[in-house]
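A look at the structure
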Amino acid sequence: MTDFLIFLYPWTKALHIMAVIAWMAGLFYLPRLFVYHAEKGEVAELSATFEVMELRLLRAIMNPAMIATWLFGLALVFTPGLVDWTAVWPWTKGAAVLAMTWFHHWLGRRRKAFAEGNNQLSGRHYRMMNEVPTVLMIIIVISVVVRF
């Protein structure tokens, strides 16, 4: 099995990077949709449009991208010789990926709140939360590239 993972390494890495890009695009865009939905969603037609956009983004792009990111990422973790578990970087990256996964699920709960008409958060709040994936991305990229 380990020989197979080593053989597939370039493909696994490429697919992991593509999945991360798609996931990050959704993590940046969905909170922005929530900003507009919170600020302009009192108009019924706009609210319905936002709900369709949010659901499709989450279900068709973000969820599959998150799952692919995790699957290919775990394949990379189990590829022999790639991760030095005595270093700090795999732990900081792992913590940031877990935080990003939590944020993904938090966005899913916010989407449900909008769909049920129970959103309690302002556009300003969603603007601030829109910075979370940026901070996590910085931690992940520095961890992997610098490997401290």
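Below: a short report on this structure. (Residues numbered from 1 in each chain as written. Predicted model: local features only at pLDDT ≥ 70, side-chain atom pairs only at ≥ 80, totals over all residues. Heavy atoms only, no water.)

Turning our eyes to something else, we now look at the environment of W91. Considering the arrangement of structural elements, one finds W91 in helix 3 (residues 89-115). The spatial distance from the C-alpha of W91 to the C-alpha of R59 is 29 Å, given a sequence separation of 32 residues. (Helix = DSSP H or I, 4+ residues; strand = E, 2+ residues; numbered from the N terminus.)

This brings us to helix 2 (residues 44-77). Taking 1.5 Å per residue as the helical rise, helix 2 with its 34 residues ought to reach 50 Å, and the 47 Å between its terminal C-alpha atoms agrees with that figure. At L58, helix 2 shows its maximal bend, which comes to roughly 35°. (Expected span 1.5 Å × (residues − 1). Bend = angle between axes of the 7 residues up to and from the residue.)

On to the environment of L74, then. Its location among the elements puts L74 in helix 2. On the accessibility criterion, L74 (37% relative accessible area) is partly exposed. The sequence separation of L74 and R32 amounts to 42 residues, and the corresponding C-alpha distance is 30 Å. (Buried < 20%, exposed > 50% of the residue type's maximum accessible area, 1.4 Å probe, protein only.)

The next point concerns the nonpolar core. Among the nonpolar cores identified, the biggest contains 24 residues, and L27, L30, M62, M100 and L107 are the most heavily contacted of them. Elements with a minimum of two residues in this core: helix 1 (2-40), helix 2, helix 3, helix 4 (123-129) and helix 5 (132-146). Setting aside residues up to four positions removed in sequence, L30 forms contacts with E54, L57, L58, M62 and L107. (Core = buried A, V, L, I, M, F, W, Y, C linked by side-chain atoms within 4.5 Å. Contact = heavy atoms within 4.5 Å.)

In a regular helix each residue adds 1.5 Å, so 27 residues correspond to 39 Å; helix 3 covers 39 Å between its end C-alpha atoms and thus fits that length. Of the residues flanking the end of helix 3, it is G117, one or two places downstream, whose phi is positive at about 75°.

Next up on the list: the packing of aromatic side chains. Under the criterion given, the structure shown has 7 aromatic pairs. Ring geometry for W102 and W106: centres 6.4 Å apart, planes at 25°, overall stacked. With W102 and W106 both in helix 3 and 4 residues apart, this pair spans about one turn of that helix. A relative accessible area of 46% places W102 in the partly exposed class. Judged by centre distance (5.7 Å) and plane angle (35°), the ring pair of F114 and Y126 falls under tilted. Residue F114 is located in helix 3, and its partner Y126 is located in helix 4; the two are separated by 12 residues in the primary sequence. Each member of the pair, F114 as well as Y126, carries the same accessibility label: buried. Site record: aromatic cluster; members linked through ring pairs are F34, W102, F103, W106, F114 and Y126. (Phe/Tyr/Trp six-rings, centres within 6.5 Å; stacked < 30°, edge-to-face > 60°.)

Bringing the layout of surface pockets into the picture now. Estimates place the volume of the largest pocket at around 930 Å³. Around the largest pocket, the lining comprises 31 residues; the ones closest to its centre are H16, L76, K93, I140 and V144. The set of elements that each furnish at least two residues to the lining of the largest pocket consists of helix 1, helix 2, helix 3 and helix 5. Class assignment of the residues belonging to the lining of the largest pocket gives a composition of 24 nonpolar, 4 polar and 3 charged. (1 Å grid on protein atoms, 1.4 Å probe; cavity = no way out; pocket = protein on both sides within 12 Å on 5 of 7 lines; lining within 4 Å. Points joined across faces, edges and corners; volume = space filled by probe spheres on them. Nonpolar A, V, L, I, M, F, W, Y, C, P; charged D, E, K, R; others polar.)

Don't take any of this as a statement about function, it's just geometry.
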